[in-house]
Amino acid sequence: MKYTALLILLIVAGLASAAPTTYNIDPNHTHPMFEADHLNGLSIWRGLFKKTSGTITVDSAAHTGSLDVAIDMASVDFGNDDLNNAAVNSSAPPIFEVKKYPTALYKGTLGDFVNGSPTTVSGFLTLHGITKPLTLAINSFKCIDDKPEPKQQLCGADAFCVFNRSDFGITVGQRFGFKMEVTLRIQVEAIRAQ
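Now for a description of the structure that goes with this document. (Residues numbered from 1 in each chain as written. Predicted model: local features only at pLDDT ≥ 70, side-chain atom pairs only at ≥ 80, totals over all residues. Heavy atoms only, no water.)

1. Considering the pattern of salt bridges
Throughout the structure, instances matching the rule amount to five salt bridges. Note that E35 and R185 form a salt bridge whose closest N and O atoms lie 3.6 Å from each other. Taken together, the residues span a long stretch of sequence, with E35 in strand β2 (residues 33-38) and R185 in strand β11 (residues 181-192) at a distance of 150 residues. The closest approach of N and O atoms between K107 and D68, which form a salt bridge, is 3.3 Å. Highlighted residues: K107 in strand β7 (residues 103-111) and D68 in strand β5 (residues 64-72), separated in sequence by 39 residues. A cluster of three or more residues bridged by salt bridges with shared partners is formed by E35, R46 and R185. (Salt bridge = Lys/Arg side-chain N within 4 Å of Asp/Glu carboxyl O. Helix = DSSP H or I, 4+ residues; strand = E, 2+ residues; numbered from the N terminus.)

Set out below in structure tokens:
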């Protein structure tokens, strides 16, 4: 009888420890970056978004999880104020059209776990008012239980994908031969929700 009670207690404790954990994206350590063609291969323009929010939920034992990210499109930074302004406000040619489409959203499911860590996210990107499926490859994913200062549980990841921006109605430069492929790189850190 004692062994049965002990076994039940261990099973319940194991189930409790395998519960999903939610992490809030740290906007100070999460900046989606992108690379896009300029003048049909003359150079590659790079930029990042400085304001993001969202959550990551992960259950490493059950090999499940989700990602929900919102990107403030007005926070784009090319390292060039005139280009930032054009990307945010220009309507001829339209680029991000932030007044109409202020936020890009990505919602996905973590998958293909290896040693308790996801290696992909399969989901949907809503950009420029258009929603399309998009899969991210995760290069690294790590959680730490005790960040030294201040004491917090954190998870971090590095992910990337390539997509066609014209699929989302962003076609500036297309008539001049600009390549429409964009490389998206996301480094993210998230703090365990209290």
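2. Points about the environment of I95
Take I95: it is sitting in the loop between α2 (81-89) and β7. As a C-alpha pair, I95 and H128 span 33 residues in sequence and 8.7 Å in three-dimensional space.

3. Regarding the environment of T21
Residue placement: T21 occurs in strand β1 (residues 21-25). Looking at T21, the relative accessible area reads 14%, which means it is buried. Put simply, T21 and S60 are 39 residues apart on the chain and 9.2 Å apart in space, counted from C-alpha to C-alpha. Apart from the residues lying within four places of it in its own chain, the contact partners of T21 are I56, T57, V58, Q153 and R192. (Buried < 20%, exposed > 50% of the residue type's maximum accessible area, 1.4 Å probe, protein only. Contact = heavy atoms within 4.5 Å.)

4. Let's talk about the packing of aromatic side chains
By the definition in use, this model includes five aromatic pairs. Judged by centre distance (5.4 Å) and plane angle (85°), the ring pair of F34 and F78 falls under edge-to-face. Here F78 lies in the loop between β6 (76-77) and α2 and F34 lies in strand β2, a separation of 44 residues in the sequence. Of the two residues examined, F34 and F78, each falls in the buried class. One aromatic cluster is present, formed by F34, W45, F49, F78 and F96 through successive ring pairs. (Phe/Tyr/Trp six-rings, centres within 6.5 Å; stacked < 30°, edge-to-face > 60°.)

5. Side note on the layout of surface pockets
Of the volumes computed, that of the largest pocket is approximately 790 Å³. Taken together, 43 residues make up the lining of the largest pocket; nearest its centre are F34, A36, F49, F96 and V182. As a volume, the second largest pocket reaches approximately 170 Å³. Elements represented by at least two residues in the lining of the second largest pocket include exactly β1 and β9 (130-147). For the lining of the second largest pocket, the element with the highest residue contribution is β9, accounting for four residues. Residue composition of the lining of the second largest pocket, by class: four nonpolar, five polar and three charged. (1 Å grid on protein atoms, 1.4 Å probe; cavity = no way out; pocket = protein on both sides within 12 Å on 5 of 7 lines; lining within 4 Å. Points joined across faces, edges and corners; volume = space filled by probe spheres on them. Nonpolar A, V, L, I, M, F, W, Y, C, P; charged D, E, K, R; others polar.)

6. Focus on empty space enclosed by the protein
All chains considered together, the criterion is met by one cavity of 30 Å³ or more. A volume near 30 Å³ is recorded for the largest cavity. Lining the largest cavity, in full, are M73, F96, Y101, T103, A104, L127, H128 and I170. Looking at side-chain class alone, the lining of the largest cavity contains six nonpolar, two polar and no charged residues.

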